[in-house]
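Summary of the model geometry
Read off the chains here:
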Amino acid sequence: MEQLQFFSGRGRNGEFVRLPRAYRQKVKWVPHIGDIFPDFDATTTQGPIRFHGWAEGNWTILFSQPGAFTPVCTTELASLARARREFADRNANLIGLTNDEVQALKAWADEVAVLFGTPVDFPLIEDSSGLLARTFGMHHQKESGNVTIRKTFILDPSMRIRMIFEYPLGVGRSTGELLRTLDALQHQDALDVATPADWQPGLEYVLPMHVTAEQADHRFGRGWTEINDYLRVVDPAALVERHRRITRQSA
Ligand code: BEZ
């Protein structure tokens, strides 16, 4: 068993946390939800890019993979490529990142296109030095050493990180869950609602705590129901009707 030395921290209210000292010594910036994603230059399968110039104004799915020509990564790449129209419908662009050189990434993308009958028409970033993966917290030493884990960022059009997924080497990601999360974020932004567990488009929303009953009446009319003072649900049909009414009034 690994010997760990512990650092003990105490919060303002006497709360206690026991953190291995080694964790403390490693503290550096890791991307968090709410941070603006840093800009960077990259070589990709579609030529050189400056990231913000390429991404700003659309939603972005930036995903890292352990490596080209490997089994799980290949199925992930094919799954994302197959769903390219669904991402485009949501105004979202895909961009991958691995530790491989760009020639290998191009050859791999061509092979995936043949194997799965779907073009890989989004860029893959060469990160052969590992600089980007290290900076963006994509190396998890105990899982994979200096091999990149399966990390996904959803960035909004202003480059703010809205969602972070982390998967280990042996578990392939779900494209369906990625699309569902993108839908949830976009509905949240458009309607000031939150989405409950296992939500799918068309199902009920819940009201965030900050929305008052008066605001809910104003926005949703009779389309919302108070189950108790913190659990309030919104019928999506009420929103469709409300949008229709607003459109009619302003026509
Ligand atoms: C894979 O995609 O299957 C894989 C890649 C690198 C390490 C382990 C698994």
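To be clear, the structure that these remarks concern was listed above.
Everything in this summary refers to the structure shown in the same document.

1. Examining the overall build of the chain
Along the chain, the regular secondary structure elements total ten helices and twelve strands. For the chain, the proportion of its 251 residues judged to be buried stands at 41%. Considering only residue pairs separated by 6 or more positions, the chain has 59% of its internal contacts joining residues 24 or more positions apart. If you sum the accessible surface of the chain, you get close to 14200 Å²; carbon and sulfur atoms cover 52% of it.

2. Digging into the sheet that holds strand 10 (residues 205–206)
The antiparallel open sheet is built from three strands, whose spatial order is 10-12-11. Edge positions in the sheet fall to strand 10 and strand 11 (224–226), since each of these pairs with one other strand and no more. The strands touched by helix 9 (residues 213–220) are strand 11 and strand 12 (232–234); relative to strand 11, the strand with the most contacts, the crossing angle is about 155°.

3. What to know about the packing of aromatic side chains
Scanning the entire structure with this criterion turns up ten aromatic pairs. Consider the rings of phenylalanine 37 and phenylalanine 153, whose centres lie 5.0 Å apart with planes at 65°: the pair is edge-to-face. Placement of phenylalanine 37 in the loop between helix 1 (21–25) and strand 3 (41–44) and of phenylalanine 153 in strand 8 (residues 150–155) is noted, with a sequence separation of 116 residues between them. Phenylalanine 153 shares its class with phenylalanine 37; the two are buried. Aromatic rings pair up to connect Phe37, Phe40, Phe51, Trp54, Phe136 and Phe153 into one cluster.

4. Examining the side chain of threonine 148
Looking at where threonine 148 falls in the secondary structure, it is placed in the loop between helix 7 (141–144) and strand 8. Taking the relative accessible area as the measure of exposure, threonine 148 reaches 1% and is therefore buried. For threonine 148, the residues in contact, after removing those within four places along its chain, are Ser64, Gln65, Pro66, Asn99, Ala133, Met138, His139 and Leu169.

5. Description of the pairing of strand 6 (residues 92–98)
Walk down a regular strand and you will see the side chains alternate between the two sheet faces. For strand 6, the buried fraction is high: six of the seven residues fall into the buried class. In this sheet, strand 7 (residues 124–126) lies alongside strand 6 in parallel orientation, the contact comprising three bridges. Bridge assignment links threonine 98 to a residue of strand 7, and that residue is glutamate 126. Handedness of the strand 6-helix 5 (residues 102–116)-strand 7 crossover: right-handed.

6. Side note on the site of the ligand
Every residue near the ligand is listed here: Pro66, Thr70, Pro71, Val72, Cys73, Arg150 and Leu169. Between an oxygen atom of the ligand and a side-chain N or O atom of threonine 70, the distance comes to 3.0 Å. Within the side chain of arginine 150, a nitrogen or oxygen atom sits 3.1 Å from an oxygen atom of the ligand. In isolation the ligand has 260 Å² of accessible area, and contact with the protein removes 74% of it. With three residues, the top contributor of residues to the shell around the ligand is helix 3 (residues 71–82).

7. What about a nonpolar patch on the surface?
The grouping of Met209, Ile227, Tyr230 and Leu231 at the surface amounts to a nonpolar patch, some 450 Å² of accessible area in total. Along the chain, tyrosine 230 turns up in the loop between strand 11 and strand 12.

8. Side note on the pairing of strand 8
When you tally the buried positions in strand 8, you get six out of six residues, the bulk of the element. The two faces of strand 8 match: Arg150, Thr152 and Ile154 on one face and Lys151, Phe153 and Leu155 on the other face are all buried. As paired elements, strand 8 and strand 9 (residues 161–167) share six bridges and run antiparallel to each other. When the sheet's bridge partners are listed, arginine 150 is paired in strand 9 with tyrosine 167. Between strand 8 and the antiparallel strand that follows it, strand 9, lie five residues; methionine 159 among them carries a positive phi value of about 75°.

9. Observations regarding the pattern of salt bridges
Evaluated as defined, the whole model comprises ten salt bridges. Measuring nitrogen to oxygen at the nearest pair gives 2.8 Å for the salt bridge that ties aspartate 41 to arginine 50. With a shortest N-O distance of 3.5 Å, arginine 84 and aspartate 121 are connected by a salt bridge. Within this pair, whereas arginine 84 is found in helix 4 (residues 84–89), its partner aspartate 121 is found in the loop between helix 5 and strand 7, the two being separated by 37 residues in sequence. By relative accessible area, which is 43% here, aspartate 121 ends up partly exposed. Three or more residues are tied together by salt bridges with common partners; here these are Glu76, Arg150 and Arg173.

Calculation notes
- Residues numbered from 1 in each chain as written.
- Predicted model: local features only at pLDDT ≥ 70, side-chain atom pairs only at ≥ 80, totals over all residues.
- Heavy atoms only, no water.
- Helix = DSSP H or I, 4+ residues; strand = E, 2+ residues; numbered from the N terminus.
- Buried < 20%, exposed > 50% of the residue type's maximum accessible area, 1.4 Å probe, protein only.
- Contact = heavy atoms within 4.5 Å.
- Areas by Shrake-Rupley, 256 points an atom, 1.4 Å probe, with all protein chains shown as cover.
- Pairing = 2+ DSSP bridges.
- Axes fitted to C-alpha atoms, helices over the stretch in contact; angles between N-to-C directions.
- Phe/Tyr/Trp six-rings, centres within 6.5 Å; stacked < 30°, edge-to-face > 60°.
- Right-handed = clockwise from strand over helix to strand, strands pointing away.
- Near = heavy atom within 4 Å.
- Polar contact = N/O pair within 3.5 Å; in protein donor to acceptor, adjacent residues only side chain to side chain.
- Patch = residues over 30% accessible without salt bridge, like charges linked within 9 Å, V, L, I, M, F, W, Y side chains within 5 Å.
- Salt bridge = Lys/Arg side-chain N within 4 Å of Asp/Glu carboxyl O.

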